[in-house]
Amino acid sequence: MSPEKRYLFPDDYMADPSVHVFNGKIYIYPSHDWECENIENDNGDQYVMKDMHVLTIDGNPMTDHVTDHGKALDIADIPWAGRQLWDCDCAEKDGKYYLYFPLKDKNDIFRIGVAISDRPEGPFIPQPDPIRGSYSIDICVFPDNGEYYLYFGGIWGGQLQRYRDNKALESACLPEGDEPALPSRCVRLTKDMLQFAEEPRPIVILDAEGNPLKADDPHRFFEASWVHKHNGKYYLSYSTGDSHLLCYAIGDNPYGPFVYQGVILTPVVGWTTHHSIIEYEGKWYLFHHDSVPSGGKSWLRSLKVCELTYDEEGHILPIDGGGDPYNE
Ligand code: FUB
């Protein structure tokens, strides 16, 4: 239930690790947490990130040295920036690296931007405008069969409840009770990696009877989508937010639907949980964060890693996050 865990970068507070293996090396794209006073609320005003760094590990993530490559992106260099640079992710295509990031614009609306570099550690040069038609937060870019799929979305502070059918609503509307939960989104990127190639599609998570998970289900999607492939199946994992779990669902293609499977990580110390999953040299790893080193401050989080194990049927064995259990 509880594999050994490692704090990756005790020198600074970082969170939301999106991790990839590029050129045989592990690259970590985290959020960079900052101290803030007296503004903790359900809107996420306490997450005041202004820049991001790229970290690398050239070897075993449980033991080997973590290198900080310094500032890779700064909101001071993004022409449309308002505030709050949240969870980023990076993809490689034809020798160039594309960093996707959610950021509030000058009207306090989350949009998704792209920044480009010749090197996976950056620095990344931002495009002058956000992606047309983009909204909400928490990016995962997933390459598959020559296409690149961008997953995004998060409720509450992530603003997903302000949209239906990719259009902004006059007023936000969050499903309740036994209404279907709000789904995350997936969109294929254009060949130049800079725009959406289609309308974003809802990513529905079904229960064992084939019904969408309901809004009051503690295992429903809240934020932090991540997609990886294992034995030919597509695994969508995500955070359940206010029930503080990481859960996963399995599908047959990048758009789903995905069928709910179970919990990956029980609650951590701290409010948020957010992760990525990679295979490196034949082993699988879960990167995530908690707030133990800051004494439980939800906005000062620290990066962690542990091994992740599948059983023979491809189910992920649950891991103890070390926080108070969620009472379902
Ligand atoms: O880091 C800011 C937000 O907190 C992320 O976007 C969410 O996933 C949560 O971790």
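Worth saying up front: this structure is predicted, and the values here are computed from it rather than measured.

Caption draft 1: Main features of the pattern of salt bridges. In total, this model carries 17 salt bridges according to the counting rule given. Across the pair Asp-105 and Arg-111 runs a salt bridge, and its minimum N-O distance is 3.4 Å. By relative accessible area, Arg-111 is classed as partly exposed at 25%. Across the salt bridge formed by Arg-119 and Glu-121, the nearest N and O atoms sit 3.8 Å from each other.

Caption draft 2: Summary view of the confidence of the model for the chain. With 99% of its residues at a pLDDT of 70 or more, the chain has an overall mean of 97. Scored as a whole, the predicted complex attains pTM 0.98, and scored at its interfaces, ipTM 0.98.

Caption draft 3: Focus on the nonpolar core. Membership of the largest hydrophobic core comes to 58 residues, with the highest contact counts inside it found for Tyr-100, Leu-150 and Leu-286. Contacts of Leu-150, omitting those with residues within four sequence positions, involve Tyr-100, Ile-112, Ile-139, Cys-140, Val-141, Arg-185, Cys-186, Val-187, Leu-189 and Phe-196. Among the nonpolar cores identified, the runner-up in size contains 29 residues, and Met-49, Met-52, Ala-81 and Leu-85 belong to it.

Caption draft 4: Seen up close, the sheet that holds strand S11 (residues 140–144). One open sheet holds the four strands; their spatial order is S11-S12-S15-S16, and the pairing between them is antiparallel. Single-partner strands in this sheet number two, and they are S11 and strand S16 (201–203). If you compare each strand with its neighbour and ignore which way they point, the axes differ by 30 degrees on average. Across four bridges, the pairing between strand S12 (residues 147–152) and strand S15 (residues 184–188) is antiparallel. Directly across from Leu-150, in S15, lies its bridge partner Val-187.

Caption draft 5: Here's a closer look at the sheet that holds strand S17 (residues 205–206). What the five strands build is an open sheet, ordered S17-S21-S20-S19-S18; its pairing is mixed. Both outer strands of the open sheet, S17 and strand S18 (223–230), are each paired with one neighbouring strand and no more. Taken together, the six bridges between strand S19 (residues 233–239) and strand S20 (residues 246–251) define a ladder with antiparallel strand orientation. Within S20, the residue paired with Leu-236 across the bridge is Ala-249.

Caption draft 6: Expanded view of the side chain of Thr-240. Within the fold, Thr-240 resides in the loop between S19 and S20. According to the relative accessible area criterion, Thr-240 is buried, its value standing at 0%. With residues up to four places along the chain from it excluded, the contact list for Thr-240 reads Pro-218, His-219, Arg-220, Phe-222, Leu-245 and Cys-247.

Caption draft 7: Main features of unusual backbone geometry. The omega torsion of the bond from Gly-122 to Pro-123 falls at 5 degrees, within 30 degrees of zero and hence cis. Note that Pro-123 resides in the loop between strand S9 (110–117) and strand S10 (125–126). Look at the link from Gly-256 to Pro-257: it is a cis peptide, with omega at 5 degrees. Residue position: Pro-257 is located in the loop between S20 and strand S21 (258–265). Positive phi, normally seen in glycine, also occurs at Gln-159, with a value near 70 degrees. The residue Gln-159 is located in the loop between S12 and strand S13 (163–164) in this model. The class for Gln-159 is buried, based on a relative accessible area of 3%.

Caption draft 8: The arrangement of the environment of Asp-129 in detail. Along the polypeptide, Asp-129 turns up in the loop between S10 and S11. Here the alpha-carbon distance between Asp-129 and Gly-262, two residues 133 residues apart in the chain, equals 39 Å.

Caption draft 9: A look at the pairing of strand S23 (residues 283–290). Counting buried residues along S23, seven of its eight residues qualify, which places the element largely inside the surrounding structure. Hairpin connection from strand S22 (residues 276–280) to S23: two residues lie between these consecutive antiparallel strands, with Glu-281 at a positive phi of about 50 degrees. Summarising the sheet, S23 and strand S24 (residues 302–308) pair through seven bridges and their orientation is antiparallel. Looking across to S24, one finds that Leu-286 is bridged to Cys-306.

About the thresholds
Note that residues are indexed from 1 along each chain, following the sequence as it is written. In keeping with the model being predicted, local features are shown solely for residues with a pLDDT of at least 70 and side-chain atom pairs are shown and tallied solely at 80 or more, while totals for entire chains, interfaces and linings include all residues. Side-chain measures here rest on the full set of heavy atoms in the structure, leaving out hydrogens and waters. A pairing counts as a salt bridge when a side-chain nitrogen of Lys or Arg comes within 4 Å of a carboxyl oxygen of Asp or Glu. We call a residue buried when its accessible area falls under 20% of the maximum for its residue type, exposed when it is over 50%, and partly exposed in between, using a 1.4 Å probe and counting protein chains only. Per-residue confidence from the predictor is reported as pLDDT, which spans 0 to 100. Among buried residues, those of type Ala, Val, Leu, Ile, Met, Phe, Trp, Tyr and Cys that are joined through side-chain atoms within 4.5 Å constitute a nonpolar core. Contacts are assigned to residue pairs that have any heavy atoms within 4.5 Å of one another. In this description, strands pair whenever DSSP reports at least two bridges between them. Strands are runs of DSSP state E lasting at least 2 residues, helices are runs of H or I lasting at least 4, and numbering of each runs from the N terminus. A fitted line through C-alpha atoms represents every axis, and for helices the fit uses only the stretch in contact; the resulting angles, taken between N-to-C directions, go from 0 to 180 degrees.

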